[in-house]
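Summary of the model geometry
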Amino acid sequence: MKSNMNSVLLEDERVDGADKVTGKAKYAAEHSLPNMAYAVFVTSTIAKGNIKTLDVTKALAMPGILDIIYYGNCPTVPGYLTNTAERPKNVTEWRGYKVLYDNKVRFFGQPIALVVADSFENANAAIRFVKADYEIEKFETNFDKARLDATLLKGPISYKRGTEKKYKEATKFIEAEYNIPIEVHNAMELFATIAIWEGDDKVLLYDKTQGPKSTQSTVARTFGIPDKNVRVITENVGGAFGSGLRSWANVAAACIAAKKLNRPVKLVLTRPQMFTLVGYRPQSWQKIGIGADAAGSFIGISHEAISNSSRYEDFREGIVDVSKFLYACENVDTKYSLLPLDMSTPIWMRGPGEASGCFALESAIDELSYQLKMDPIQLRIKNYTTVNPENKLPFSDINIKDCYTYGMEKIGWKNRPMVPGSLKENGMLIGYGMSVGVFGAGKGSASVRIVLSNDGKLLLECAVSDMGPGTTTSMTKLASEAMQMPIQKIKFKLGDSDLPPGPSQGGSGTTSTVGSAVDLACKTVQQKLKEMAIQYAPAFAGSTADTLEVKNETVLSKTNANASIAIPALFKLANQEKIDLTISSTGKTAAQLKYTSNSFSAHFVKLAVNPKDGTIKVLNVVTTGDAGKIVSPKTARSQMLGGVVGGIGMALTEKVEMDHSTGQIMNASFGGYHVPTHAQIPNTDVYFVNKPDPNVNDIGSKGIGEIALIGFAAAIANAVYNATGKRVRDLPITPDKLGFKKTKA
Ligand code: MOS
């Protein structure tokens, strides 16, 4: 088995790479407009209650201040109206908090006013002079404490097949609890919105979002205007990891201010506000029970989970879902409850619930392997299935065993000690660990405009976004393959809601969904070219389209080597300037729905634990993906590398620390919230099976954004156990949890 990666790197550049590294690529906040005003949020200093009075007089007198918008002077926002008779017909009741609109405080750090000034500096200088007088209410932010009170829980949502808690009857079983703290996305690019009203009911936005269409529809609903009157531009996104899957307070607030002041308003969140205003991975508690017979066959799996939401919205994700189908097992029961807290609403964060769930499940399987005295990979193979045991449908394709073979060899699995804590290298305790990840491979509907011009250039357009995975590159590559023409002649345009509708970039679905539309659009254009050739080029007179092919920018006959016409020449003969079509592709076909589709990953880690202080150094990582055909090897590899970095953060460093006496996040900065540094990221080998999945869609490609991260933290936890004999079930794995006390430096 060999890696597909290394040989292709140099000929596989990102099509927008040069623009990004030279600064030519513009992000939302980098746009500047004449007469633009700058807005900064003032945020609450209590977790729950009402604002009795808000004194803005001092702040208003500061230099350059144009306005301070708050509940006392906020113009009517149609979508926020509670009276159904007043509310526009297409607008349903508002579920989130109403920014700047009412005097309620629902979490610490909630926007309570917006200072608008002639410069960012002036706006920022005035915020501390806005004084709020609060009526404080009793609040709860302590997940660990509150989850023990069953009356506070919402749900549960339950699932069962076979017998509940069957694992308890198994020869060997594990029952253990796992805890994951709040983690934040905090991508490099800050959330930013520039709003420009072009009339009373028409607005243009530059916005950081994963979904130009979804932001368009949210803004239309908020302001009671037609979708077509909202244009959202988001040409480049500097990372989002799920935080851009909905519009946050910055979008509505910028729109409110721009309308009130009748001038463009730019609102950029601060780094600390990125911790409180744009979602996070919810805190979770999980309990896994898993048992096997002496040969290792799973007898039962029970998976219980509680994760937090806000008090004003329910946010659920797939935290227990993987346990239902990843392994063959007849008896499975799951239970998932929500714990509403006085905090802002969480949102999907890379891998989302499956990443939390797989930490627990993949740790538990490792624990069970020691009980059974079985190799953990052999235990997984023992319970391997090609049919999804939850919906009984065959997987459209599954090659996870190839991932095991590659990873075992490359990480040096044969050196893994069977007895934990028994291997030392250079005075360090050495451990090996592995884990599996899985995520659904969906395919939705998308439309693509395709324009082939008589100069031979191809333009494709879709209102999707590219938050960093390289969608622009992968779509260009797909078009290049489908059209059999050079990448240099193709342009893929995205990031504008005026383009034909595409999905939000999320759930690892963009390549499958938009890629299928691109593929169909290219095939449709090829068909048109063949028809044109038959109609206008004498060499093809009387031919049928199926005897022709289009490649190298030429229409060719498959049966007559002398019949060929270059595309520009064909356009000339036909007296036509271009082919310009908008093509839509839909979700899965009936044939594709006979299968269930997933992407799979397996992660392998070798690490060292310092026996003196418990510090952990990841020495080597092999990460593998089974996601069908890899469209763009370089950007795909980068996604897997990003998953490793995020996974090391999740496993070893990341945790939001709350002060439960105030409800405030104590470490809302990159000084206090620790993401891995370069020195913590080891040599990483990325491998893809890279085999087209014949049953998932026409392009054979599945997503990798989530599987890059899902499971990874368990590989680390499993390796730490292998190195030390200490099982850490609470992330992040810090030296104190390995039983090391602080010693003086
Ligand atoms: Mo992803 S968590 O669906 O952006």
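If you're wondering where the values come from, they're calculated on a predicted model, not measured in any experiment.

Here's the deal with the side chain of T554
Within the secondary structure layout, T554 lies in strand β22 (residues 554-557). A polar side-chain atom of T554 sits 2.9 Å from the main-chain carbonyl oxygen of N552.

Some points on the sheet that holds strand β2 (residues 49-55)
Sheet architecture is open: three strands sit in the order β4-β2-β6, paired in antiparallel fashion. The outermost strands of the open sheet, each flanked by one partner alone, are β4 (104-105) and β6 (131-136). Across six bridges, the pairing between β2 and β6 is antiparallel. If you follow T53 over to β6, its bridge partner there is D133.

Examining the packing of helix α5 (residues 212-223) against helix α6 (residues 249-261)
Close contact between α5 and α6 brings their axes to 11 Å; oriented N to C, the two are set at 50°. Relative to α6, the element α5 is oriented oblique. As for the relative orientation of α5 and α6, their crossing is right-handed in sense. Together, T215, V219 and F223 of α5 and V251, A252, C255 and I256 of α6 make up the contact between the two elements. By residue class, the composition of the contact of α5 with α6 is six nonpolar, one polar and no charged.

Some points on the pattern of salt bridges
Counting across every chain of the model gives 32 salt bridges. With its nearest N and O atoms 3.4 Å apart, the salt bridge here joins K48 to D342. Of this pair, K48 sits in the loop between β1 (37-43) and β2 while D342 sits in the loop between β15 (332-341) and α7 (352-372), and the two are 294 residues apart along the sequence. A relative accessible area of 19% means that K48 is categorised as buried. Residue K629 pairs with E481 through a salt bridge whose shortest N-O separation is 2.6 Å. On the criterion of sequence distance, the pair formed by K629 in the loop between β26 (616-626) and α13 (633-653) and E481 in helix α10 (residues 471-483) is long-range, its members being 148 residues apart. Of the residues examined, K629 reaches a relative accessible area of 18% and is grouped as buried. Here E481 falls in the partly exposed class, since its relative accessible area comes to 39%. Within this structure, R449, E461, K578 and D580 form a network of salt bridges that share partners.

So, unusual backbone geometry
Here the residue pair G155 and P156 is connected by a cis peptide bond, since its omega of -5° sits within 30 degrees of zero. Among the structural elements, P156 can be located in strand β7 (residues 154-161). For the bond running from L731 to P732, omega is -10°, close enough to zero to count as cis. Note on placement: P732 falls in the segment after α14 (712-724). Even without glycine at this site, S508 takes up a positive phi of about 50°. By relative accessible area, S508 is classed as buried at 13%. Of note, the phi angle at N575 is positive, near 55°, even though the residue is not glycine.

Considering the pairing of strand β25 (residues 598-609)
Among the 12 residues of β25, 12 are classified as buried, and the element is accordingly described as predominantly covered. The alternating pattern of β25 places N598, F600, A602, F604, K606 and A608 and S599, S601, H603, V605, L607 and V609 on opposite faces, both of which are buried. Looking at chain direction, strand β17 (residues 428-440) and β25 are connected through 12 bridges and run antiparallel. If you follow I430 over to β25, its bridge partner there is A608. Both β25 and β26 contribute to a ladder of 10 bridges, which runs antiparallel. Within β26, the residue paired with K606 across the bridge is N620. Joining the antiparallel neighbours β25 and β26 is a turn of six residues, in which G614 adopts a positive phi near 75°.

Notes on the packing of α7 against α14
Where α7 meets α14, the axes come as close as 8 Å, and the angle between the chain directions of the two elements is 30°. Classified by the interaxial angle, the pair formed by α7 and α14 is roughly parallel. Handedness of the α7/α14 crossing: right-handed. Between α7, through C358, F359, E362, S363, D366 and Y370, and α14, the contact on the second element is made entirely by A713, A714, A717, N718, Y721 and N722. For the contact of α7 with α14, the residue count by class is seven nonpolar, three polar and two charged.

Focus on the nonpolar core
Counting 85 residues, the largest nonpolar core has I290, F298, F604, V605, L607, I716 and I733 as the members making the most contacts within it. Shared between two domains, this core takes at least three residues from each, and those domains are domain 2 (140-187 + 279-386) and domain 3 (393-442 + 589-745). When residues no more than four places from it in sequence are discounted, the contact partners of L607 are L429, I430, G431, I616, K617, V618, L619, I716, A719, V720 and A723.

Observations concerning helix α9 (residues 400-411)
End to end, α9 covers 16 Å across 12 residues, agreeing with the expected 16 Å (1.5 Å per residue, within 8%). Burial in α9 covers these residues: I400, C403, Y404, Y406, G407 and I411. Packed against the buried residues of α9 are α8 (376-382), β17, β25, β26 and β29 (683-688). Positive backbone phi, approximately 85°, marks G412, located one or two places after α9.

Details of the domain arrangement of the chain
Each domain of the chain was delimited in the assignment, giving domain 1 (33-137 + 206-239 + 244-267), domain 2 (140-187 + 279-386), domain 3 (393-442 + 589-745) and domain 4 (446-587). Centre-to-centre separation of domain 1 and domain 3, based on C-alpha positions: 39 Å.

Comments concerning the sheet that holds strand β23 (residues 564-566)
The three strands are arranged β21-β22-β23 in an open sheet whose pairing can be described as antiparallel. Each edge of the open sheet is held by one strand with a lone partner, namely β21 (548-551) and β23. For this sheet the average axis-to-axis angle between neighbouring strands, irrespective of direction, equals 20°. Summarising the sheet, β22 and β23 pair through three bridges and their orientation is antiparallel. Residue V555 lies in a different strand from β23, and its bridge partner there is I565.

What counts as what
Residue numbers here run from 1 along each chain, matching the order of that chain's written sequence. Local features are withheld for residues below a pLDDT of 70 in this predicted model, meaning they are given only at 70 or higher, and side-chain atom pairs are given and counted only at 80 or more; totals for whole chains, interfaces and linings count all residues. Excluding hydrogens and water, the side-chain figures rest on all heavy atoms present in the structure. Counting from the N terminus, the helices are the DSSP runs of H or I reaching at least four residues and the strands are the DSSP runs of E reaching at least two. Two N or O atoms form a polar contact when they lie within 3.5 Å of each other; inside protein one atom must be a possible hydrogen donor and the other a possible acceptor, and for residues adjacent in sequence the pair counts only when both atoms belong to side chains. Strand pairing follows a simple DSSP-based rule, namely that at least 2 bridges must link the two strands. Every angle, taken between N-to-C directions, lies between 0 and 180 degrees, and every axis is a line fitted to C-alpha atoms, over only the stretch in contact when it is a helix. Angles are sorted into four bins: roughly parallel if under 35 degrees, roughly antiparallel if over 145, roughly perpendicular if 65 to 115, and oblique for all others. Left-handed is the label given to a crossing in which the near helix is rotated counterclockwise from the far helix by less than a right angle, and right-handed is the label when the rotation is clockwise. Whether two residues are in contact is decided by their heavy atoms, any of which lying within 4.5 Å being enough. Think of it as three bins: nonpolar holds Ala, Val, Leu, Ile, Met, Phe, Trp, Tyr, Cys and Pro, charged holds Asp, Glu, Lys and Arg, and polar takes everything else, Gly as well. Any carboxyl oxygen of Asp or Glu within 4 Å of a side-chain nitrogen of Lys or Arg constitutes a salt bridge here. For the exposure calls, accessible area comes from a 1.4 Å probe over protein chains only, and a residue counts as buried if that area is under 20% of its type's maximum, exposed if over 50%, partly exposed in between. The definition of a nonpolar core used throughout is a set of buried Ala, Val, Leu, Ile, Met, Phe, Trp, Tyr and Cys residues joined through side-chain atoms within 4.5 Å. Here the limits of each domain have been adopted from an automatic or database domain assignment. In this scheme, a helix's expected span is set at 1.5 Å multiplied by one less than its residue total.

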